[in-house]
Structure formats: C-alpha cells, structure tokens
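# A closer look at the structure
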Amino acid sequence: MALHSLMEGYLLSLCQSCHHQTGLMDRLAAFEIIASPVWVFDIDHCRVLWANPAGLQLWNAKDLGELRNRDMSADISPTVKSRLEQYKQDFEKGQSFSEIWTLYPKGRPTTIRCVFSGIRFDDGRMGMFNQSLEVLDRKESADSLRSIQALLHTSVMISLYDRQDRLLYANPAARQAYQDSDESLCSRLVDPTVHAAMIGCLATGGEAQCVAEVKTHQGVRWHEIVARSGWDPVTGVAALLVSEIDVTGREEASKKIRFFADHDILTKLPNRRHLEQEILPMLALAKAEGNQFSLLFVDIDRFKTINDTLGHSVGDQLLVYVAKRLQQAVRPGDFVARMGGDEFVIVLTTLKDHAAAVTFADQLSTILSRPIFIEGHELNVTLSIGVSMYPQHGDSFETLLRHADMAMYAAKESGRNRTQIFTPALQRQLQLKVDLETSIRRGLLDDEFFLLYQPRPRVADNNVASVEALIRWNHPTKGTLGADAFIPLAEESGAIEALDSWVLAQAAEQQKAWHDEGVDINVSVNVSPRQFHSDRFAATLEAVAKSNRYQVGSIELELTESVLMGESEEIAACLRDVRNLGFNLAIDDFGTGYSNFAYLRDYPITSLKIDRSFMGDLRPGCIAEGMIAICRFLGVRIVAEGVEDDWQLDWLKHQACDEYQGFYFCPPTEAHHIMDIIRSMKLRRGAGFDGTTNISHLDLKNSIPGTRLRPRGSVA
Ligand code: C2E
Ligand code: MG
Ligand code: MG
C-alpha cells in the first residue's frame, strides 16, 4: 500500500514535471508518429513511462495511463533486474544495443528485435529508450530465440575476441564484470602469460581451460576460463569464444585449506609439516655448496604456569606475540615454525657458525625479556634455546631437530633462560636418563624394588613408635642400589611417579601386616616434589585413604621444602586435602631449603625433620636449638635426623626433642627386623632394660646392602 501510494506520487510528480519542464516529453513527441513501437522504460521503478501508439499496441495497453500504472517489478526476475542495472551503466558510457528480447505484455510472450539506448530523465536519472525493429515469429525460430534469451540472462560471462584480441561481443554478464567496454582478454588477466599459454594451447587443441586471476569491476577475482577457436558469424573472421565463471569463493576456500594444512592456526606460522618440506631443499643446497646452517629449538620458560594461572586466552596472546617477535628477528631466507605448544624452531641459513647462532639466540632472549602487558598482566618472558649445527650435529632434519631439542632440554635443566649448543656429552647424559627410566619401569614389573624401614624412636624412652620407609633397588647387574643412586634421576625423568605410588602402596601394606601382628607402627614415606603435584599420585592417595584395609592416620608423607614453595593458597588447599584424607604431613630435611617457619604456621604440618647436617654443631644457641624451640611453640612434632652418637642423643634429650632417627639407634632395615626390635625391646624392658640402650646391632646380624651400618663403639 505504502509503495503503491509512493508510485502514485512519483507519477504525479512526473506529470507535473511534464507540465513545467517539457524537455523529456518534447523530445518524445517526435516519436508519436513513428510506425514502429517506441517506448521509454524507467529501470528504477520497473514501469513504462511513455510509449507511442505502436508501442501501446505492442504492450497491449488501451492508453498511456493504463500502461504507466502497470508495475512490472513482479515479472522481472533478479537476473533480469541486474542486467537492466548493467544497461544503465553502459548507457552512461553512451552505448546502445541491438538485442532480441522477449516481453510479456499482459503475460503473452512477444519476441522482438529491438534497439535500446539511454535517455536522461528530467530529474537526472538514466532511463531506457527502446525501439522495436521487428516482431519475430516464435514458432519458426524457437530454438534460436531461446538460445538468445539464455545468452542474455546467463550469469556465465561470454565474450568474443578477434585474432588481435579485440573485443567483438560481450554478453551482459561479461559487460558487468569488465572494467572497460573495449578491454582485450590479455589486459584483463593479472598474469598476461596466461593469455599466451591459452593461445598456445588452442594452437594444438580445440579448447583451452584454466583458472586465473582477472581484473574486474569488483577488483581481482578468480575466473575459470574456457576458450575455444571459432569464427565471428557477422564478419567471418577467426575469433576466440571465451566463457568465464567466477570461482573466487571456491578458490579462496581451497587456498585457505592449503594454508592451514601447513600453517599453525593461532600464530599463522608454518607448522612442523611445512618445516619438514622446507628444510629438505635447504639441506640439499647446504650439502651441494658445502655450507653450514643452524637450527634453534626455542621454548618459552614456564609457559604452562602462565596458561594454568592466567588462562588460555593470555597464553594464546603470548604465543602470538612471541611468534611475531621471532619472525621479526630473522632475515630473509631464514625460517620460523611453530612445532606445537610453546615450542618454536628457527632455521638460520644466513648465520654460519656456532658463535653467531648463540649471539642471535641471546639477542632473541633480550628482545623478549622486555615486559609485555596482556589483559592487564605484566609478563616477563624468558626462553630456553637449544642449538644444533649442520653438518657437525647431524645431516638429517630429524637428527638436527632431536639434538637441538636435547640442547634446549639441557638449557632448561641448568636453570632456564639460557642458550645451549648441542654436544655429544649431552646426548650421553640424556641416554642415561632414558635408560634409567626404562629400567625403573621394567624393575617395577620384575619386583626388583624393596623397602627398608628405619626406626624413629622417641628421644625420651627409645620406644619405637614410627619408622621411615626407604627404597632400595635390587638391580640385576649393579647389585643393590641405595636411594641416592637412582631417586634424583628418577625425579628428572618422571619415573618417580610410578616409584612413589608403588612405595606408598607397599608401605601401607606393611603397616597393615604389622597391625595384624598386633603392633601399630606409624610409617612415613618420602614423596618427591614432582610426585606431590601429579594427578596420579592424588588418585593413589585417595585409593589408599578410601580402602578399609589401611589406617591412614598412621601414615605420614614426608615432603621437602621445595614442595611448599610457590603460590601459598594453592599449596595450602592441596595440603589440607591430603590432611582431610587422614594422612599426616612432615617436612623432611628441614634447613636445607628456604627454611621458612611460616610453613609451619600456614600449612597443616604434623612433624618437622631437622636435616642431619645440623647434628654436627650442637653448641648452645645453635640452629637446631632454635628449630626445636619454634616447633615446640607451634605444637609441631620434631624429629632429629642423622643421629650417629650418644652425645647427640644426650643433647636432644636435654632439648626435649620428640623423636630421632639415625645409625646410632639403627640403620634402615628389613620389615621383619623392625618387629624383632620392638619385641626385643619389650622383652628387655621386662628384664630390666632401661630403654636407652642402643639395641640395633644386637638385632642386625648381617649388614643389609644399601645401608651404612657401623659397628658399635666405632664413634668416638
Ligand atoms: P631422607 O628422606 O632424608 O632419608 C634419610 C636418609 O638418611 C636415608 O638415606 C637414610 O639411610 C640416611 N640416614 C639415616 N640415618 C643416618 C645417619 O645416622 N647418618 C647418615 N649419614 N645417614 C643416615 P637413603 O635411604 O639413602 O635415602 C636418601 C634419600 O633418598 C632420602 O632422604 C629421601 O630423600 C630419598 N628417598 C629414599 N627413599 C625414597 C622413596 O621411596 N621415595 C622418594 N621420593 N625418595 C626417597
Ligand atoms: Mg625422608
Ligand atoms: Mg631427611
């Protein structure tokens, strides 16, 4: 309704303009007397504005008023509409056309050969001036009429060029795409060699086909072009018939697919696959020319912590930032790739020796050490970089990469934020670790590990209420190994997780066996820092706690101070969880790390074990004295480690220390000896034993491998 009244208003204004400015109508008056149909079409409003009497007849209209009122927009398809828009632009350039069109006056198809050109309306818009030359007989030339219609309305761009590449004809779809009406095919192609290739191809066969970039009205587009040799039906000269379809969408999608197959989506850097492809020609060239090149394995220090604490969005932005900086730092010919996670590889083809590569790596570290702000967080990035050189450190991509990775790993081990060049010694070290890890896993399967228990008697009466479980390895070739021989390496390699879980289960089982024999003994087990934070260990703890077999309240976990360092709220929550499961918690080797007494105040610690290094100096005012006083004040049980002499025990008695542990009483020993010790103590006590006698040597007839048992009285 609204549109209708708008049109009414528009026609009214046009009639009014006819009265006042007679320019258009004056010009048209001359056509009133022409015998062939002539009419003016308003493309914008899809209406005939004016027609001569022959035109009214063609349009099957009784008068001009009726024809003007006919809204033809419903009969005009979107393709025809866009063609008409194209004509409007062509008219602006002064072009006119002779084409065959089928009109539908009152729904009856009427095919005419007509000439049309532009006509300027009084309001400045461009309209269409049409003259019908002849009405064609539909029955006689049905096929040719249909083919003409198809050519006019198809979205396929069809054009005809002569041998000199001059445009002879372009259908409306082609005209819409072209920037200029008389462009040659060659000048429309972004790469002109494509034209020569097509012509070359046509010389040998009948058809040339390609997908090429073409300059169009909408900018550069991808067209699928098919060209065929033929003749111009008007002049008979040899011609090139070209059809084009816009395949930009398809091309871009497949380009994107190709891009992401060998690039990382986040940083847009080449990925590992791409690096593998690129490095092969680099290797071949270096081999042929006798050149060196270096491969840098770059890893962001503590990236996991950033990701875990500040979130993945910050982590992602950091990766993008680092990727950008790395790319800016290299020269043309060098190559940067993201291997995954926080690992990047740089191939430096322009730097020839170790020293230059290390200088470059250090510069990278300096650039990245400047603080960055992401989502309000100030981040200080440090890098661990491993370097391998071709050909000294390998002649294949895999070897160079593995060696640079090893060197990076060594850089991390020696404190991070550094660059390390690969050396064969590094490889040996790593091999040792790998071998150890494998043999630990195999040893666990083959039952090669066992536990010894070291009594922890009370200082006051030497009653053994607790023991510490200490691991030993019955190695098939190396004999029995003490904990120090493999625990540190097991911690580095990660094998410790399996070991500590086994120890906990074993110690709990032993505790239960003693309980079943009628003696309740507290057992403490060592937990490595790495283990403490692992999910698997948490699951083991829970399994032990939830099983009815064990008395969890009699199991103590010994943690070193390094476990307690870090984000205190998180650690406190973790420790509380363990305490809530029922386990006791001890700080082992206290005094060797940060020795922060706040741990005792802030965390639910049940015992503190003074490291044996403090047992050598027990003068008044010594460190051990201070430790005992503070523990007493905080209500934490205190255990002195490494007690080897009676004077040490005397001193501890004087300080009212709770428990002690050491060779003086007994070295680590087998489980059944612990029972013997406890039984014999009871017996002796019954026989008047004063409870302070060192009885360990009476019970341990044979020294146990991996312990340091010394004969009584050897200490001065
Ligand atoms: P730790 O937890 O401080 O264990 C005490 C160590 O001191 C034991 O060495 C024990 O044999 C030794 N020791 C006991 N009394 C004396 C003494 O009077 N004088 C001297 N010089 N040493 C004494 P061990 O069994 O060789 O264990 C060494 C370390 O290995 C342990 O220190 C502990 O940190 C670690 N460890 C032992 N077993 C395990 C385990 O199952 N898991 C983990 N994660 N670590 C373990
Ligand atoms: Mg311990
Ligand atoms: Mg200790």
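Residues numbered from 1 in each chain as written. Chains lettered and ligands numbered in written order. Predicted model: local features only at pLDDT ≥ 70, side-chain atom pairs only at ≥ 80, totals over all residues. Heavy atoms only, no water.

### Quick look at the layout of surface pockets
As a reminder of what qualifies: Note on definitions: the grid is 1 Å and covers protein atoms alone; a cavity is a set of points where a 1.4 Å probe fits but cannot get out; a pocket is an open set with protein on both sides within 12 Å along at least five of seven lines; lining residues have an atom within 4 Å of a point. Grid points are joined across faces, edges and corners, and a volume is the space filled by probe spheres set on the points. A helix here means a DSSP run of H or I that spans at least four residues, while a strand means a run of E at least two residues long, and both kinds are numbered starting from the N terminus. When residues are grouped by polarity, Ala, Val, Leu, Ile, Met, Phe, Trp, Tyr, Cys and Pro land in nonpolar, Asp, Glu, Lys and Arg in charged, and all others, Gly among them, in polar. Delimitation of the domains relies on an automatic or database domain assignment.
By volume, the largest pocket amounts to about 1,700 Å³. Taken together, 34 residues line the largest pocket, and the ones lying closest to its centre are Lys-304, Thr-305, Arg-416, Arg-530 and His-533. Of all the secondary structure elements, the ones that give two or more residues to the lining of the largest pocket are helix H12 (303-310), helix H15 (397-413), helix H17 (487-493), helix H19 (529-532), helix H20 (535-546), helix H21 (561-564) and helix H22 (568-581). Looking at which element gives the most residues to the lining of the largest pocket, the answer is H22, with 6 residues. Residues that form the lining of the largest pocket fall into these classes: 13 nonpolar, 6 polar and 15 charged. Summarising the domain contributions, the lining of the largest pocket has at least three residues from each of domain 3 (263-422) and domain 4 (463-703). Each pocket or cavity is described by its volume, and for the second largest pocket that value is around 1,100 Å³. Around the second largest pocket, the lining comprises 42 residues; the ones closest to its centre are Leu-470, Asp-484, Asn-526, Asp-588 and Asp-589. Contributing elements (two or more residues each) for the lining of the second largest pocket: strand S18 (449-457), strand S19 (464-475), H17, helix H18 (496-516), H21 and strand S23 (584-590). If one sorts the elements of the lining of the second largest pocket by residue count, S19 sits on top with 5 residues.

### Notes on the site of ligand 1
The test is simple: Residues are classed as near a molecule or strand on a simple rule: at least one heavy atom within 4 Å of it. Each polar contact in these results corresponds to two N or O atoms within 3.5 Å; when the atoms are within protein, one needs to be able to donate a hydrogen and the other to accept it, and residues that are neighboring in sequence are counted only if both atoms are side-chain atoms. Each accessible area is a Shrake-Rupley estimate made with a 1.4 Å probe; only the visible protein chains count as cover when residues are assessed.
Close to ligand 1 lie 25 residues, the nearest being Glu-468, Asn-526, Asp-588, Glu-644 and Phe-663. Here Glu-641 contributes a side-chain N or O atom positioned 3.1 Å from an oxygen atom of ligand 1. Within the contact set of ligand 1, a nitrogen atom lies 2.5 Å away from a side-chain nitrogen or oxygen of Glu-644. When ligand 1 sits alone it has 780 Å² of accessible area, and the protein chains cover 90% of it.

### Some words on helix H16 (residues 424-445)
So the rule is basically this: Expected span of a helix, by definition, is 1.5 Å for each gap between consecutive residues, and there is one gap fewer than residues. Buried means the residue's accessible area, taken with a 1.4 Å probe over protein chains only, is under 20% of the maximum for its type, while exposed means over 50%, and partly exposed covers the values in between. What the arc measures is the spread of directions leading from the helix axis to the C-beta atoms. Two residues qualify as a contact provided that any one of their heavy atoms is within 4.5 Å of a heavy atom in the partner residue.
For H16, spanning 22 residues, the distance from its first C-alpha to its last is 32 Å, which sits close to the expected 32 Å at 1.5 Å a residue. Taken together, the buried positions of H16 are Leu-426, Lys-433, Leu-436, Ser-439, Ile-440, Gly-443 and Leu-444. Within H16, the buried residues cover an arc of 165° as seen down the axis, which keeps them to one side. Opposite the buried face of H16, by more than 90 degrees, sit the exposed residues Pro-424, Arg-428 and Leu-445. In this structure, the buried side of H16 is in contact with H15, strand S17 (419-421), S18, S19, H17 and H18.

### A few points about the pattern of salt bridges
For the record, the criterion: A carboxyl oxygen of Asp or Glu within 4 Å of a side-chain nitrogen of Lys or Arg is what we treat as a salt bridge.
For the structure shown, the criterion picks out 40 salt bridges. Across the pair Arg-166 and Asp-162 runs a salt bridge, and its minimum N-O distance is 3.0 Å. A salt bridge links Asp-301 to Lys-412, with the shortest nitrogen-to-oxygen separation between them at 2.7 Å. Here the residue Asp-301 occupies a position in the loop between strand S11 (293-300) and H12, and Lys-412 occupies one in helix H15, the gap between them amounting to 111 residues. Of the residues examined, Asp-301 reaches a relative accessible area of 6% and is grouped as buried.

### Points about the packing of aromatic side chains
The condition is simple: Here is the rule: rings of Phe, Tyr and Trp (six-membered ring for Trp) pair when centre to centre is within 6.5 Å. Planes less than 30 degrees apart are stacked, more than 60 are edge-to-face, and the remainder are tilted.
Following the criterion strictly, the structure yields 20 aromatic pairs and no others. Measuring from centroid to centroid gives 5.8 Å for Trp-39 and Trp-59, while their planes differ by 85°, and the two rings are edge-to-face. Separated by 20 residues along the polypeptide, Trp-39 in strand S1 (residues 38-42) and Trp-59 in the loop between helix H3 (53-58) and helix H4 (64-68) bring together distant segments of the chain. On the basis of relative accessible area, Trp-39 is assigned to the buried category, the value being 3%. Look at Tyr-87 and Trp-101: their rings are 6.0 Å apart centre to centre, the planes differ by 55°, and that puts the pair in the tilted class. Remark: Trp-101 occurs in strand S3 (residues 97-103) and Tyr-87 occurs in helix H5 (residues 78-92); sequence separation between them is 14 residues. By relative accessible area, which is 0% here, Tyr-87 ends up buried.

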